[in-house]
Amino acid sequence: MNPKRVLAVARKTLRSLKHDRRTAGFLVLMPLFMITIFGYTFGGSIEDVSVYVVNLDAGDANSSASEAVLDGLLAGDVLKIEGVYVPGAPGADHAALVGEAVSEVEAGDAWAAIVFWGNFTENVVQSVEDIGSVPTSGPGTVTIYIDASNTNIAQAITNEVRLTVQETVVSEYHVLPPIAVAEDRVYGEGAEFIDFFAPGVMGLAAMMVTFMLSIISFVHERTTGTLDRLLATPVTEGEIVAGYALALGLVGLVQSIVILVTAVALFQVQIVGSPLLVLLLIFVLGAGNQGLGFLLSSIAKNEFQAVQFMPLILFPSILLAGVFWPLEAVPELLRPVSYFVPLTYAVEGCRSVMIRGWGLEEVWLQVAVLVAFALAMLLLSTLSLRKRR
Amino acid sequence: MRKAEKGEDGSGDGGRAVETNGLRKEFGELVAVSGLDLSMPKGILYGMIGPNGSGKTTAIKMLVGRLRPTGGTARVLGEAVPIVERVADIGYMPQEMAIYTDLTVSENLQLFGSLYSMEPGEYSRREASLLSMVDLEGRRDSLVSQLSGGMKHRVSLACTMVHDPEVLFLDEPTVGVDPELRAGFWQHFADLKARGRTVIITTHYMDEAVRCDLVGMMRQGRMIAEGAPRRLMEDTSTSNLEDAFLEYSRRDAR
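S.K.: It is not clear to me how the overall build of chain A should be interpreted in this structure. Could you clarify?
M.R.: Secondary structure assignment for chain A yields 15 helices and four strands. Rg of the C-alpha trace for chain A: 29 Å, well past the compact-globule value of 21 Å for 389 residues, more than 25% over. Overall, chain A is about 95 × 45 × 40 Å in size when its C-alpha atoms are taken along their principal axes. A burial count over chain A gives 39% of its 389 residues as buried. Excluding contacts between residues fewer than 6 apart, the proportion of contacts in chain A whose partners are at least 24 apart in sequence is 81%.

S.K.: I'm lost on the overall build of chain B in this one. Help?
M.R.: If you tally the helices and strands in chain B, you get seven helices and 11 strands. Relative to the compact-globule value of 18 Å for 254 residues, chain B shows a C-alpha radius of gyration of 18 Å, a close match. With respect to the principal axes defined by its C-alpha atoms, chain B has extents near 55 × 40 × 40 Å. With 254 residues in all, chain B has 48% of them scored as buried.

S.K.: In this structure, what is going on with helix α10 (residues 275-297) of chain A? I would like to understand it.
M.R.: For α10(A), built from 23 residues, the straight-helix expectation of 33 Å at 1.5 Å per residue is met to within 8% by its first-to-last C-alpha distance of 33 Å. Most of α10(A) is tucked away, with 18 of its 23 residues classed as buried.

S.K.: Explain the sheet that holds strand β4 (residues 142-146) of chain A to me, please; I cannot follow it from the model alone.
M.R.: Sheets are built from strands paired through backbone hydrogen bonds, the pairs being either parallel or antiparallel. Residue and element names in this part refer to chain A. With respect to topology, four strands assemble into an open sheet ordered β2-β1-β3-β4, the strand pairing being mixed. Either end of the sheet is taken by a strand with one partner, and the two such strands are β2 (79-85) and β4. Averaged over all neighbouring strand pairs, the angle between strand axes comes to 25°, with direction disregarded. With six bridges connecting them, strand β1 (residues 49-55) and β2 associate as parallel partners. If you follow V54 over to β2, its bridge partner there is Y85. Taken strand by strand, helix α4 (residues 94-106) contacts β1, β2, β3 (112-116) and β4, and its axis lies near 160° from that of β3. Contacts between helix α6 (residues 151-173) and the sheet are confined to β1, β2, β3 and β4, with β4 contributing the most and set at about 170° to the helix.

S.K.: Sorry if this is basic, but what is going on with the interface of chain B and chain A here?
M.R.: The parts lose accessible area when they come together, and the size of an interface is often stated as this lost area. At the junction of the two partners, chain B supplies 23 residues and chain A supplies 19 residues. At five residues, helix α2 (residues 105-115) of chain B tops the list of elements feeding residues into the side of chain B that touches chain A. Looking at the side of chain B that touches chain A, its residues break down into 15 nonpolar, three polar and five charged.

S.K.: Help me out: how do you make sense of the nonpolar core in this one?
M.R.: When a protein is soluble and globular, its nonpolar side chains tend to lie buried together. By size, the foremost hydrophobic cluster in this structure holds 151 residues, and its most contacted members are V201(A), L63(B) and F169(B). Counting residues in each nonpolar core, the second largest holds 22 residues, with A110(A), W111(A), F120(A) and Y145(A) among its members.

S.K.: Would you explain the environment of Y345(A) in this entry?
M.R.: Residues and elements named next belong to chain A. Here Y345 shows up in helix α14 (residues 342-356). For Y345, a count of 26 C-beta atoms within 10 Å gives the class buried. With 29 residues separating them in the primary sequence, Y345 and A374 have C-alpha atoms 12 Å apart. Those residues in contact with Y345 that sit more than four places away from it in its chain are Q366, V369 and L370.

S.K.: Please clarify how the domain arrangement of chain A should be interpreted in this entry.
M.R.: As assigned here, chain A comprises domain 1 (3-42 + 188-387) and domain 2 (46-173). For domain 1 of chain A versus domain 2 of chain A, the separation of C-alpha centres amounts to 51 Å.

S.K.: Just to check I follow, could you spell out the sheet that holds strand β5 (residues 71-76) of chain B for this structure?
M.R.: All names here are of chain B. Within the open sheet, the four strands sit side by side as β3-β2-β5-β6. Their pairing is antiparallel. In the strand order of this sheet, the two ends are held by β3 (30-41) and β6 (79-80), each with one partner. With five bridges connecting them, strand β2 (residues 16-27) and β5 associate as antiparallel partners. For V18, the partnering residue across the bridge sits in β5 and is V76. Across the sheet, helix α1 (residues 56-63) is in contact with β2, β3 and β5; its angle to β2 comes to roughly 120°.

S.K.: Please explain the packing of helix α7 (residues 193-224) of chain A against helix α9 (residues 237-267) of chain A as it appears in this structure.
M.R.: Any two packed helices are characterised by the angle at which their axes cross and by the distance between the axes. All names here are of chain A. One can describe the packing of α7 onto α9 by two numbers: an axis separation of 9 Å at closest approach and a directional angle of 150°. Looking at the two axes, α7 sits roughly antiparallel to α9. The element α7 and its partner α9 pack so that their crossing is right-handed. Contacts from I194, A198, V201, M202, A205, A206, V209, T210, L213 and S214 in α7 reach Y244, L248, V251, G252, Q255, S256, I259, A263 and F267 in α9. Looking at side-chain class alone, the contact of α7 with α9 contains 14 nonpolar, five polar and no charged residues.

S.K.: Before we go on, may I ask you to explain the packing of α2(B) against helix α4 (residues 149-161) of chain B in this structure?
M.R.: Residue and element names in this part refer to chain B. It is at 9 Å that the axes of α2 and α4 come closest, and there the two elements cross at 25°. Classed by the angle they form, the pair α2 and α4 counts as roughly parallel. Classified by chirality, the crossing of α4 by α2 is right-handed. Within the contact between the two elements, α2 uses V105, N108, L109 and F112 and α4 uses V155, A158 and C159. Across the contact of α2 with α4, the residue classes tally to six nonpolar, one polar and no charged.

S.K.: Is there a simple way to think about the environment of I60(B) in this case?
M.R.: All names here are of chain B. Counting through the fold element by element, I60 comes out in helix α1. For I60, a count of 24 C-beta atoms within 10 Å gives the class buried. Considered as a pair, I60 and M93 are 33 residues apart in the sequence and their alpha carbons are 9.9 Å apart. The contact partners of I60, leaving out residues within four places of it in the chain, are F169, D171 and T202.

Cut-offs and rules
Residues numbered from 1 in each chain as written. Chains lettered and ligands numbered in written order. Predicted model: local features only at pLDDT ≥ 70, side-chain atom pairs only at ≥ 80, totals over all residues. Helix = DSSP H or I, 4+ residues; strand = E, 2+ residues; numbered from the N terminus. Rg over C-alpha atoms; globule rule 2.2 N^0.38 Å. Buried ≥ 20, exposed ≤ 12 C-beta atoms within 10 Å, placed from the backbone. Contact = placed C-beta atoms within 7 Å. Expected span 1.5 Å × (residues − 1). Pairing = 2+ DSSP bridges. Axes fitted to C-alpha atoms, helices over the stretch in contact; angles between N-to-C directions. Nonpolar A, V, L, I, M, F, W, Y, C, P; charged D, E, K, R; others polar. Core = buried A, V, L, I, M, F, W, Y, C linked by C-beta atoms within 7 Å. Domains from an automatic or database assignment. Parallel < 35°, antiparallel > 145°, perpendicular 65-115°, else oblique. Left-handed = near helix turned anticlockwise from the far one by under 90°.

Right, dumping it as structure tokens:
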């Protein structure tokens, strides 16, 4: 393999991109766009969820436990309390009030109706007095009639109510729960969801673009006859493939830098480990996907057919490689497939380096798998070119 | 095959530019080239003529090593194809334009220059003379996609000549080229020959092949006649190569 000829092919590939301003711009803007959109949508917490409250609690002479919880809920950002139903006169129809609030949920105007039952304060006070002896009453009960069609929102509501109840018990009744769970983070101190998925988006962007550029370029090379012409020169099949891998690997690298810089500047994503190691992982992934694109370009007869391979490669990667959710969330039946998706290793590797601060000695497996993938793809590409003669 | 007597070939300058023996190529059922025997001396203009589908392009692709022959042998500059040793002495202009339209003229030339391991200094000296040869001096930094069809053809020809090869295979270099430009192209070919190069040209514009030293007529994958244009016309008592070809086809079909 002659390095000068490899470089000549790589230079030619990059020059084509340079002249095609729109594509070149797209290559930089696409990852920027991706990380910004993903960052703002997934990075934020859930706020202003519409709920109704039904407060049937009669309270007692000195206090009202339900009012205390309600104050807590009002002070938080998660819930937006659209209205509070209270019985107008003693002996009012409680069931009707609850029904009215629930109908708001049924109509889709609110996500939940939070109901404090009639003897709420009484039960709370009694339970506090009973601490240490046999309980003489049930606990004060809050029932949440919830629309769980969106599980994220349902979970946020439940969590908010639970937390507020706990805080109220501590602040109003000075009762500490006897058992506390303490968390001490081994890795990921201060990490948020965006820290988790930024490495995933990086791998995804690099993979998408190198694959797309590769398959389209090679279909073009084949249909215009330039590939034939190249191969009539002293350049070898391996040199052409290596030149392309080098050029497209670099494109993936530039994209990753854009994503890294954006993620750090806009979303304060942390990079505990070496950014260079992250870029190495992405470069190897890009080179491998270039080979995959090349192989599939021999099946596609034109650019239109080539584009149709995109979803075929993209969907398994997005869904199975642990980009937005962990591999543990992938159904057990499909999980073995995840280990055949190269992106899985890039994402896992980048994540470990960026959040855990791991070095090459810890992520060597991911690096090795990606290098093996890249070498296999480049070798197969070269062989497929030779066979065409 | 009926061979007209050869005139000025066999100059005996040691070695042939192209020599084939029973060269054959099949694509499944289809026999594209069946038993082609060629023997071209160096330093001539050779015209391979015949209608579309007569096997000219397939023959050229085998000679430049882009297709593996199904049978027979082929030698270019004394080396069996696919040539590895002397590939740098060969220039190939495919039938399709086959240049990078998203690169500039100069970048195309540079790419092929570096693939032939030309040093930067050597290349830049060569570039100026190449551009003037194909009359594209003012277009050095233009993107090929912005050039006219004729200019693209000239870029393609320049890419073939960048490393100043000894033997040039030009597959239909004049197809879709306007008459004025075509005349210019033939002048280039004559110049190349004058500089001792061997130029093998395929064309289905049979009449223009009259400028060649030697013409081979292809029909259905076979050579039906070969010789100097004048002799081919005399032999068939015709006044142009197209009529001569038709006469040979008639005789061949009998």
